[in-house]
Amino acid sequence: MTQIATIVGGGVIGGGWAARFLLNGWDVRVFDPDPEAERKIGEVLDNARRSLPGLSDTALPPEGKLSFHETMSEAVQGATWIQESVPERIELKQKVYQTLQEHAPKDAILGSSTSGFKPSELQNCASRPEQIVVTHPFNPVYLMPLVELVATEKNAPETVERAAEILSSVGMFPLKVRKEIDAHIADRFLEAVWREALWLVKDGIATTEEIDESIRMAFGIRWAQMGLFETYRIAGGEAGMKHFMAQFGPALKWPWTKLMDVPEFTDELVDLIADQSDAQSGHLSIRELERIRDDNCVGMMRALKANNWGAGEVLNKHDERLIAQSDLPRAMSDIASLDELVVTGRRAVPADWLDYNGHMNEACYGTAFSEATDRLMEIIGCTKEYIATGGSYFTGETHIRYLDETHLGQVVEIRTRVLKGEGKKMQLWHEMYEGDRLLATGEHFLLHVSLETRRPSEPSQEIMDNLAALASAHAKLPASEGVGRYVGQPR
Ligand SMILES: NC(=O)C1=CN([C@@H]2O[C@H](COP(=O)(O)OP(=O)(O)OC[C@H]3O[C@@H](n4cnc5c(N)ncnc54)[C@H](O)[C@@H]3O)[C@@H](O)[C@H]2O)C=CC1
Ligand SMILES: C[N+](C)(C)CC(=O)CC(=O)[O-]
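Per-chain numbering applies: the sequence of each chain, read as written, is numbered from 1 onward. Here chains are named by letter from A upward and ligands by number from 1 upward, in the order in which they appear as written. It should be noted that, the model being predicted, local features are given only for residues of pLDDT at least 70 and side-chain atom pairs only at 80 or more, the latter also being counted only at that level, while totals for whole chains, interfaces and linings use all residues. Think of the side-chain values as coming from all heavy atoms in the structure, minus any hydrogens and water.

Asker: Give a description of the overall build of the chain that names residues and reports values.
Answerer: Runs of H or I in DSSP of at least four residues are treated as helices and runs of E of at least two as strands, each being numbered from the N terminus. Scanning the chain for helices and strands turns up 16 helices and 13 strands. Overall, the chain is about 75 × 55 × 45 Å in size when its C-alpha atoms are taken along their principal axes. The cut-offs for exposure are 20% and 50% of the maximum accessible area for each residue type, with area from a 1.4 Å probe on protein chains only; residues under the lower value are buried, those over the upper are exposed, and the others partly exposed. By residue count, 45% of the 491 residues in the chain fall in the buried class. Relative to all contacts within the chain whose residues are 6 or more apart in sequence, the contacts with residues 24 or more apart total 71%. All accessible areas in this document rest on Shrake-Rupley with a 1.4 Å probe, and a residue is counted as covered only by the protein chains that are shown. For the chain, the accessible area works out to roughly 25500 Å², and carbon and sulfur atoms hold 55% of it. Of the charged side chains in the chain, 51 are positive and 74 negative, and the gap between their average positions amounts to 4 Å. Whether two residues are in contact is decided by their heavy atoms, any of which lying within 4.5 Å being enough. Think of it this way: Lys and Arg go in the positive column, Asp and Glu in the negative one, and His and the chain ends go nowhere. Taken as the charge location is NZ of Lys, CZ of Arg, CG of Asp or CD of Glu.

Asker: Describe in detail empty space enclosed by the protein, supporting the description with residues and values.
Answerer: Put simply, the grid is 1 Å and covers the protein atoms alone, a cavity is a trapped set of points that fit a 1.4 Å probe, a pocket is an open set with protein on both sides within 12 Å along at least five of seven lines, and lining residues have an atom within 4 Å of a point. Grid points are joined across faces, edges and corners, and a volume is the space filled by probe spheres set on the points. A full pass over the atoms with the stated rule returns one cavity of 30 Å³ or more. By volume, the largest cavity is sized at about 60 Å³. Lining the largest cavity are Arg20, Asn24, Leu52, Leu55, Ser56, Leu60, Tyr142, Leu143, Gly171, Leu315 and His318. Taken together, the elements giving at least two residues each to the lining of the largest cavity come down to helix H2 (37-55) and helix H13 (311-325).

Asker: So what's going on with the packing of helix H12 (residues 286-306) against H13? Which residues, and what values?
Answerer: For helices, the fitted axis covers only the stretch in contact; all axes are lines through C-alpha atoms, and the angles between them, taken along N-to-C directions, range from 0 to 180 degrees. Contact geometry of H12 with H13 gives a least axis separation of 7 Å together with a crossing angle of 80°. With respect to H13, the axis of H12 lies roughly perpendicular. Residues Met301, Leu304 and Lys305 of H12 form the contact with H13, whose participating residues are Ala311, Gly312, Leu315, Asn316 and Asp319. The nonpolar class holds Ala, Val, Leu, Ile, Met, Phe, Trp, Tyr, Cys and Pro. Asp, Glu, Lys and Arg form the charged class, and all remaining residues, Gly among them, are polar. Taken together, the residues of the contact of H12 with H13 break down into four nonpolar, two polar and two charged. Each angle gets one of four labels, with under 35 degrees taken as roughly parallel, over 145 as roughly antiparallel, 65 to 115 as roughly perpendicular, and the rest as oblique.

Asker: Lay out the sheet that holds strand S11 (residues 411-422) in plain terms, naming residues and giving numbers.
Answerer: Any two strands with at least two DSSP bridges between them are considered paired. Judged by pairing direction, the sheet is antiparallel, and its five strands sit side by side in the order S9-S11-S12-S13-S10 without closing on themselves. Sheet topology places strand S9 (342-348) and strand S10 (391-402) at the edges, where each strand pairs with a single neighbour. Each strand axis lies, on average, 25° off the axis of its neighbour in the sheet, ignoring direction. Against the sheet, helix H16 (residues 461-475) makes contact with S9, S10, S11 and strand S12 (425-434), and its axis sits at roughly 105° relative to S11, the strand it touches most.

Asker: Please set out the layout of surface pockets residue by residue, giving values where relevant.
Answerer: Within this model, the second largest pocket holds a volume of roughly 950 Å³. Along the walls of the second largest pocket sit 32 residues, with Glu320, Arg330, Asp374, Arg375 and Lys384 positioned nearest its centre. At the level of elements, H12, H13, S9, helix H14 (362-380), helix H15 (384-388) and S11 are the ones that each hand at least two residues to the lining of the second largest pocket. In terms of residue count, the dominant contributor to the lining of the second largest pocket is H14 (seven residues). For the lining of the second largest pocket, the per-class residue count stands at 10 nonpolar, six polar and 16 charged.

Asker: Explain the site of ligand 1 to me, using residue names and the numbers behind them.
Answerer: The environment of ligand 1 is formed by 22 residues, the closest being Ile13, Asp32, Glu88, Lys93 and Ser115. Under this definition, polar contacts are N or O atom pairs within 3.5 Å; protein pairs additionally need one hydrogen-donor-capable and one acceptor-capable atom, and for neighbouring residues in sequence, both atoms have to be side-chain atoms. Side-chain polar atom of Ser115 to an oxygen atom of ligand 1: 2.7 Å apart, as the coordinates give it. A total of 840 Å² of accessible area belongs to ligand 1 in isolation, and the protein chains cover 74% of it. Of all the secondary structure elements, the ones that give two or more residues to the shell around ligand 1 are helix H1 (12-23), helix H4 (90-103) and strand S6 (132-137). Counting residues per element, the shell around ligand 1 draws most heavily on H4, at three residues. Broken down by class, the residue content of the shell around ligand 1 amounts to 10 nonpolar, eight polar and four charged. We call a residue near a molecule or strand as soon as one heavy atom of that residue lies within 4 Å of the molecule or strand.

Asker: Run through the UniProt feature "domain: 3-hydroxyacyl-CoA dehydrogenase NAD binding" (unreviewed entry) in the chain, naming residues and quoting values.
Answerer: The feature "domain: 3-hydroxyacyl-CoA dehydrogenase NAD binding" (unreviewed entry), as given by UniProt, occupies residues 6-179 in the numbering adopted here. As annotated, residues 6-179 has a helix share of 39% and a strand share of 21%, and its two end C-alpha atoms lie 27 Å apart. UniProt positions are given in the numbering used here, feature names are shortened, and annotations may be inferred rather than shown by experiment.

Asker: Provide a residue-level description of the site of ligand 2, including the pertinent values.
Answerer: Surrounding ligand 2, one finds Ser115, His136, Pro137, Phe138, Asn139, Asp187 and Leu190. At a separation of 2.7 Å, an oxygen atom of ligand 2 approaches a polar side-chain atom of His136. Mapped onto the shell around ligand 2, the elements with two or more residues apiece are S6 and helix H7 (186-202). Looking at the shell around ligand 2, its residues break down into three nonpolar, three polar and one charged.

Asker: Got a sec to walk through a negative patch on the surface? Specific residues and values, please.
Answerer: On the surface, Asp267, Glu268, Asp271, Asp275 and Asp278 cluster together into a patch of negative charge. Counting through the fold element by element, Asp267 comes out in helix H11 (residues 267-281). A relative accessible area of 63% means that Asp267 is categorised as exposed. Here a patch means residues that are over 30% exposed by relative accessible area and free of salt bridges, tied together within 9 Å if like-charged and within 5 Å if nonpolar (Val, Leu, Ile, Met, Phe, Trp, Tyr). What counts as a salt bridge is simple: a side-chain nitrogen of Lys or Arg found within 4 Å of a carboxyl oxygen of Asp or Glu.

Asker: How would you summarise the packing of aromatic side chains if you had to cite specific residues and measurements?
Answerer: Here is the rule: rings of Phe, Tyr and Trp (six-membered ring for Trp) pair when centre to centre is within 6.5 Å. Planes less than 30 degrees apart are stacked, more than 60 are edge-to-face, and the remainder are tilted. Within this structure, the stated rule accounts for eight aromatic pairs. Ring centres 6.3 Å apart and planes at 45° place the aromatic pair Phe21 and Trp81 in the tilted group. With Phe21 in helix H1 and Trp81 in strand S4 (residues 81-84), the pair connects residues that are 60 residues apart, well separated along the chain. Each member of the pair, Phe21 as well as Trp81, carries the same accessibility label: buried. Between Phe244 and Phe248 the ring centres are 4.8 Å apart and the planes differ by 45°, which places this aromatic pair in the tilted class. Of this pair, Phe244 and Phe248 both sit in helix H10 (residues 240-248), separated by four residues, roughly a single helical turn.

Here it is, written out as structure tokens:
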């Protein structure tokens with residue numbers, strides 16, 4: 001049964017949560033008194049729909065249903081998860097929890113997006129404090145995996161565990177914060193850096209643009225993939241962390257920082273920063289900036305996926321979960337019928353697969369077909385474990401035909417025919433579709449090799465049998481148009 005998430009407060013963050021749940025197949029019910037909430041959430045959703053599906057190397061589940069409600073009591077009906085994202089004012093949040101708990105299912109989890117309040121402050125005055133935890137997300141919530149999950153002794157460990165499981169099931173990385181503290185973990189860094197930056201602007205040392213360059217041209221990239229301590233361990237060279245601390249520790253006591261002081265937000269300072277920010281980015285609307293940010297984030301996170309590192313590892317795990325929940329076969333026993341081609345992939349086209357012609361670049365068809373070949377290899381028994389024993393396939397020849405255009409966000413499906421499966425030889429035919437529209441075909445010749453000698457070798461008996469079974473079943477199907485064509489052959 002489709003699960004329900006209720007979003008209370010549908011602004012910047014609530015809209016992001018709505019998109020996160022909806023695009024992962026949950027029904028979403030929104031309560032927000034702002035008459036503009038529906039439009040704003042619609043715009044956030046448009047951006048989420050063009051970026052989040054491309055982050056996965058497999059298709060997301062069908063989108064859930066989105067509805068808007070006049071009252072909180074109506075919005076929370078049947079909810080498994082209720083996410084509060086109202087403005088950061090403690091008395092408002094506490095009042096919202098009181099009303100929420102009059103109507104919310106008793107077993108629903110109530111997560112708060114609060115950037116700074118401790119869960120005990122939210123639980124004060126609540127009728128069922130054990131239901132409330134902090135689940136602090138990061139903007140854009142539909143792309144960033146991190147959620148700081150903060151609980152108190154009033155929350156049962158099972159509640160915290162269930163909250164973590166639900167967050168993981170929608171592709172997030174719940175970081176359980178050991179002890180509650182104002183502003184949790186990440187916002188303490190963000191605040192510290194922001195304070196420094198304000199001083200640097202106020203004192204005329206740097207403009208807003210120069211500060212952003214100092215981050216995005218170096219340490220921002222480093223932090224995105226290794227964080228702080230692992231990066232500094234490397235900076236210590238072969239002598240490691242102790243050497244790094246000995247060398248740079250004393251500087252912490254030098255008067256480099258004004259950390260604990262905050263410059264007063266005079267009109268002059270606010271104007272200075274706002275004017276510099278306008279000069280830096282005012283030529284772009286917020287929605288345009290969001291799309292640029294999203295495309296960059298997706299591109300960077302997909303690079304991390306290729307290395308199965310950091311946020312990339314979290315995303316790969318989510319893909320595994322999505323594939324396990326889908327009808328895509330992972331083994332011969334998953335193939336429902338040998339009388340049709342094997343579905344070896346289904347995914348949305350990501351932004352970084354597009355080129356200057358506004359459609360999917362030719363090289364990316366190769367990537368999609370290569371992923372489909374990997375899946376077929378897995379199905380016939382050439383799994384990661386098998387490859388670790390020293391056997392694998394190398395591709396010797398490929399012929400791709402580009403038959404129709406493929407665009408951003410389209411969900412493409414690859415269906416595979418085994419043309420030949422004899423001993424070391426495997427010949428595959430991939431067809432890429434969007435619905436019934438044939439977009440491209442790929443014909444590929446592969447040889448089984450020993451990864452030790454790097455020479456052709458016989459595969460395992462299991463692989464040979466599976467390949468032979470698929471090849472013989474597929475030979476009985478109607479011929480696929482285009483098999484064996486040469487490059488430039490007239491149609
Ligand atoms: N903006 C950010 O970068 C981040 C914000 N947060 C946290 O998320 C929460 C929300 O922040 P934003 O989305 O930025 O604020 P926002 O101002 O964009 O959205 C707040 C929404 O709550 C609605 N609202 C006000 N009173 C309400 C009520 N009684 N019931 C239901 N809805 C109500 C408003 O109409 C508005 O749409 C805050 O606790 C904030 O600390 C967390 C992570 C990042
Ligand atoms: C500025 N902020 C404190 C609201 C930021 C956050 O809470 C997290 C984020 O997305 O940077």
